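So you can see what is in the structure, the chains are spelled out below.
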Amino acid sequence: MSAFTLADLERIVAGRATSDDPSSYTAKLVRKGLPKTAKKLGEEAVEAVIAALTEDEAGLVGESADLLYHLLVVLHLRRVPLDAVMAELERRTAETGLEEKARRPAEER
Ligand SMILES: N=c1c2ncn([C@@H]3O[C@H](COP(=O)(O)OP(=O)(O)OP(=O)(O)O)[C@@H](O)[C@H]3O)c2ncn1[C@@H]1O[C@H](COP(=O)(O)O)[C@@H](O)[C@H]1O
């Protein structure tokens, strides 16, 4: 399992957002502003849907990575911390009572 988390990528995006490094795609995207970045997120979502229906696992993994990255850039531009999204997911899971079960190792369930 990868040790890399969305929180790691959120920190990197925040750092690169104001970078003057011409190679930074994040800085380029952030400079375009929220409307263009949100539109790009929508395009990436459509590409992920198409990949889910027509591509192999590697294709879907690639499009999913693009989608999550662009979502993080939109959240950054809206100044919404990823943690707020995770807290909402946690709140919903707590309502189902499945949270404890998910945290316990499979053999204990
Ligand atoms: N995870 C990503 C990531 N996923 C997708 N992309 C970029 O998103 C773009 C999407 O590809 P498209 O073909 O749809 O778009 P494009 O034609 O390249 O660009 P547009 O002109 O259409 O916007 C590609 O250029 C990808 O490089 C990403 N760019 C950066 N990151 C990560 O963000 C961090 C900071 O990156 P930099 O800002 O580039 O330093 C690093 O950890 C990177 O790995």
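Up top is the structure these notes are about.
In short, a report on the structure. As the structure is a computational prediction, the values presented were derived from the model and not from experiment.

### Focus on the overall build of the protein
Along the backbone of the protein there are 6 helices and 0 strands. Going from N to C terminus, the protein has its helices and strands arranged as α-α-α-α-α-α. A globule of 109 residues ought to have a C-alpha radius of gyration of about 13 Å, yet the protein, at 17 Å, is considerably larger. The buried share among the 109 residues of the protein stands at 12%. Residue pairs at least 24 apart in sequence account for 51% of intrachain contacts in the protein once pairs closer than 6 positions are excluded.

### Let's talk about the site of the ligand
In the vicinity of the ligand, the residues found are I12, V13, R16, S24, Y25, T26, A27, K40, A65, D66 and Y69. Those elements that place two or more of their residues in the shell around the ligand are α1 (6-17), α2 (25-32) and α4 (57-77). Residues that form the shell around the ligand fall into these classes: 6 nonpolar, 2 polar and 3 charged.

### Observations regarding the nonpolar core
V13, L29, V30, L72 and V73 together form the largest nonpolar core, which totals 5 residues. Contributions of two or more residues to this core are made by α2 and α4. Those residues in contact with V30 that lie beyond four places of it in its chain are A17, V73 and L77.

### Focus: the environment of V73
Locating V73 in the fold gives a position in helix α4. For V73 and E10, which are 63 residues apart along the polypeptide, the C-alpha to C-alpha distance reads 8.0 Å. When near neighbours in sequence (up to four residues on either side) are disregarded, V73 contacts V13, T26, L29, V30 and T37.

### What to know about the packing of α1 against α2
What describes two packed helices is the angle between their axes and the distance between those same axes. At a closest axis distance of 8 Å, the pairing of α1 and α2 adopts a crossing angle of 70°. Considered as vectors, α1 and α2 are oriented roughly perpendicular to each other. Pair α1 / α2 crosses with right-handed handedness. Taking contact as the criterion, the partners of V13, R16 and A17 in α1 are, on α2, T26, A27 and V30.

### Points about unusual backbone geometry
In this structure, R79 takes a positive phi of about 55° despite not being glycine. Note that R79 resides in the loop between α4 and α5 (82-96). By C-beta crowding, R79 is classed as exposed, having 6 other C-beta atoms within 10 Å.

### Things to note about α5
Taking 1.5 Å of rise per residue, the 15 residues of α5 would be expected to cover 21 Å, and the 22 Å separating its terminal C-alpha atoms lies within 8% of that figure. Summarising burial for α5: 0 of the 15 residues are buried, a small minority. G97 sits one or two residues past α5 and shows a positive phi near 75°.

The rules behind the values
- Residues numbered from 1 in each chain as written.
- Predicted model: local features only at pLDDT ≥ 70, side-chain atom pairs only at ≥ 80, totals over all residues.
- Helix = DSSP H or I, 4+ residues; strand = E, 2+ residues; numbered from the N terminus.
- Rg over C-alpha atoms; globule rule 2.2 N^0.38 Å.
- Buried ≥ 20, exposed ≤ 12 C-beta atoms within 10 Å, placed from the backbone.
- Contact = placed C-beta atoms within 7 Å.
- Near = placed C-beta within 6 Å.
- Nonpolar A, V, L, I, M, F, W, Y, C, P; charged D, E, K, R; others polar.
- Core = buried A, V, L, I, M, F, W, Y, C linked by C-beta atoms within 7 Å.
- Axes fitted to C-alpha atoms, helices over the stretch in contact; angles between N-to-C directions.
- Parallel < 35°, antiparallel > 145°, perpendicular 65-115°, else oblique.
- Left-handed = near helix turned anticlockwise from the far one by under 90°.
- Expected span 1.5 Å × (residues − 1).

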